[in-house]
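Here is how the chains run, residue by residue.
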Amino acid sequence: MLLPKAYVGFKIQDVALKILEGNVDLEVWEQDEAPPRETLLTDLKDMEGLLSGITIRVDEELMGAAPNLRVISNYAVGYDNIDVAAATKRGICVTNTPEVLTNATADLTFALILTSARRIIEASAYLRAGDWKVWTPEALVGREVAGSTIGIIGLGQIGQAVAKRAHGFDMNILYYNRTRRQDVEAVVGAKYVKIDELLRESDFVTIHCSLDASTRNLIGEHELRLMKKTAILVNAARGAIVDQRALYRACSEEWILGAALDVFESEPVPLDEPLLSLPNVTTVPHIGSASRGARDGMAMRSAENLLTALRGRRPRDLVNREVWKKD
Ligand code: GLV
């Protein structure tokens, strides 16, 4: 039997290979760095499936080079790396990996909140530099998280999981979402406010919306200037939702207390990015979903979505539902 051909754009875990091997004629990009564009344009020529990730830009040109493509299975919940409209026009299914990384990303968000509020990175560096000569009441004093106000931008699954955790810290919870989520706001105990009010009132502003044309640069100079001088901005969603140049000014000129970032406009973030020079900016390299459970869940879910679509059935996590007219 002729197996459908699919390309996996990075070294994927064995849990995914177990699902695919024997069912799909697989080609896996085994190197650590992302496949060069030219390689992709050539290698996708006969492929019916692509298992992609945030390092692979799947645009018109790439789809044009893969005329047999039927499914793009993204190893991520976000899919801003894919031109979904172009895929839909070509009848290509696009899938993502929701749910499996919700807790991991919400946990990382709280790790960022606590790390920056309590100046953990700075405190660790202080100790190792030999600056810990004596204990004093004012050394390394940070912000209290318990009882403060958190403003959640985007009350999807991850935003809701952040709200749940915020309850454990007795936080007052505000949220803003493109469309009000009355169905879940009572469940998670979050109050809907307009974005400007959220920015004015919150001690921690945390971003959990997806990146699209309407959220690109959602947080710019105007928004940062609305925040309290004592507030911290947290971003574990997508870098381009925040205007990074405006954020640099906000943190260096102390319009706000600081920021904690898992994501950047351009990734991997260049080492000469000015934000990296600021002590009040906590940075980690896009590790929101980097827990064993979440990553294995993403591997299996993306493999299952790929295989289901290649078998001509509706994949569980179909993003562009309009492409599926069969049932
Ligand atoms: C990671 O950033 C994801 O979207 O899953």
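Residues numbered from 1 in each chain as written. Predicted model: local features only at pLDDT ≥ 70, side-chain atom pairs only at ≥ 80, totals over all residues. Heavy atoms only, no water.

1. Focus on the domain arrangement of the protein chain
Next, step 1: Partitioning the protein chain into domains gives domain 1 (5-100 + 292-323) and domain 2 (102-283).
Next, step 2: One C-alpha centre belongs to domain 1, the other to domain 2, and the line joining them spans 31 Å.
Next, step 3: Summed over both sides, the interface between domain 1 and domain 2 buries roughly 530 Å², with carbon and sulfur atoms accounting for 47% of that surface.
Next, step 4: Per-residue buried area on domain 1 facing domain 2 is highest for Ile54, Asp80 and Glu99; these three make up 68% of the total on that side.
Next, step 5: For the pair domain 1 and domain 2, the interface holds one salt bridge.
Next, step 6: Asp80 is paired through a salt bridge with Arg238; the nearest N and O atoms lie 2.8 Å apart.
Next, step 7: If you look at where domain 1 meets domain 2, you find three residue pairs in polar contact (both at pLDDT 80 or more). (Domains from an automatic or database assignment. Buried area = accessible area lost by both parts, 1.4 Å probe. Salt bridge = Lys/Arg side-chain N within 4 Å of Asp/Glu carboxyl O. Polar contact = N/O pair within 3.5 Å; in protein donor to acceptor, adjacent residues only side chain to side chain.)

2. Some words on the pattern of salt bridges
Close approach of charged atoms allows side chains of opposite charge to pair.
Next, step 1: Applying the stated rule across the entire model yields 24 salt bridges.
Next, step 2: Close ionic contact of Glu99 with Arg301 constitutes a salt bridge, the shortest N to O distance being 2.8 Å. Separated by 202 residues along the polypeptide, Glu99 in the loop between strand E5 (93-95) and helix H5 (102-117) and Arg301 in helix H12 (residues 292-310) bring together distant segments of the chain.
Next, step 3: Three or more residues joined by partner-sharing salt bridges are found here, namely Arg37, Arg57, Asp59 and Glu61. (Helix = DSSP H or I, 4+ residues; strand = E, 2+ residues; numbered from the N terminus.)

3. Re the site of the ligand
Next, step 1: Residues in close proximity to the ligand include Ala76, Val77, Gly78, Leu101, Arg238 and His286, which together make up its full environment.
Next, step 2: Between the ligand and Arg238 there is a distance of 2.7 Å, counted from an oxygen atom to a side-chain nitrogen or oxygen.
Next, step 3: Here the ligand, which alone exposes 190 Å², has 88% of that area covered by the protein.
Next, step 4: Considering only residue class, the shell around the ligand consists of three nonpolar, two polar and one charged. (Near = heavy atom within 4 Å. Areas by Shrake-Rupley, 256 points an atom, 1.4 Å probe, with all protein chains shown as cover. Nonpolar A, V, L, I, M, F, W, Y, C, P; charged D, E, K, R; others polar.)

4. Concerning the sheet that holds strand E11 (residues 258-261)
Next, step 1: Sheet architecture is open: seven strands sit in the order E8-E7-E6-E9-E10-E11-E12, paired in parallel fashion. Across the chains shown, the open sheet's two edge strands, defined by having one partner strand only, are strand E8 (191-192) and strand E12 (281-283).
Next, step 2: Here helix H7 (residues 157-168) sits on the sheet and contacts strand E6 (149-153), strand E7 (172-176) and strand E9 (204-207); the angle it forms with E6, its principal contact strand, is near 170°. (Pairing = 2+ DSSP bridges. Contact = heavy atoms within 4.5 Å. Axes fitted to C-alpha atoms, helices over the stretch in contact; angles between N-to-C directions.)

5. Considerations on the sheet that holds strand E3 (residues 49-52)
Next, step 1: Taken in spatial order, the five strands make up an open sheet running E2-E1-E3-E4-E5, and their pairing is parallel. Each edge of the open sheet carries a strand with a single partner, namely strand E2 (25-28) and E5. Recorded for the sheet is a direction-independent mean angle of 15° between the axes of neighbouring strands.
Next, step 2: Sheet topology note: the E3/strand E4 (residues 71-74) ladder contains four bridges and is parallel. If you follow Leu51 over to E4, its bridge partner there is Ser73.
Next, step 3: Packed onto the sheet, H12 meets strand E1 (5-8), E3, E4 and E5 and runs at close to 170° relative to E4.

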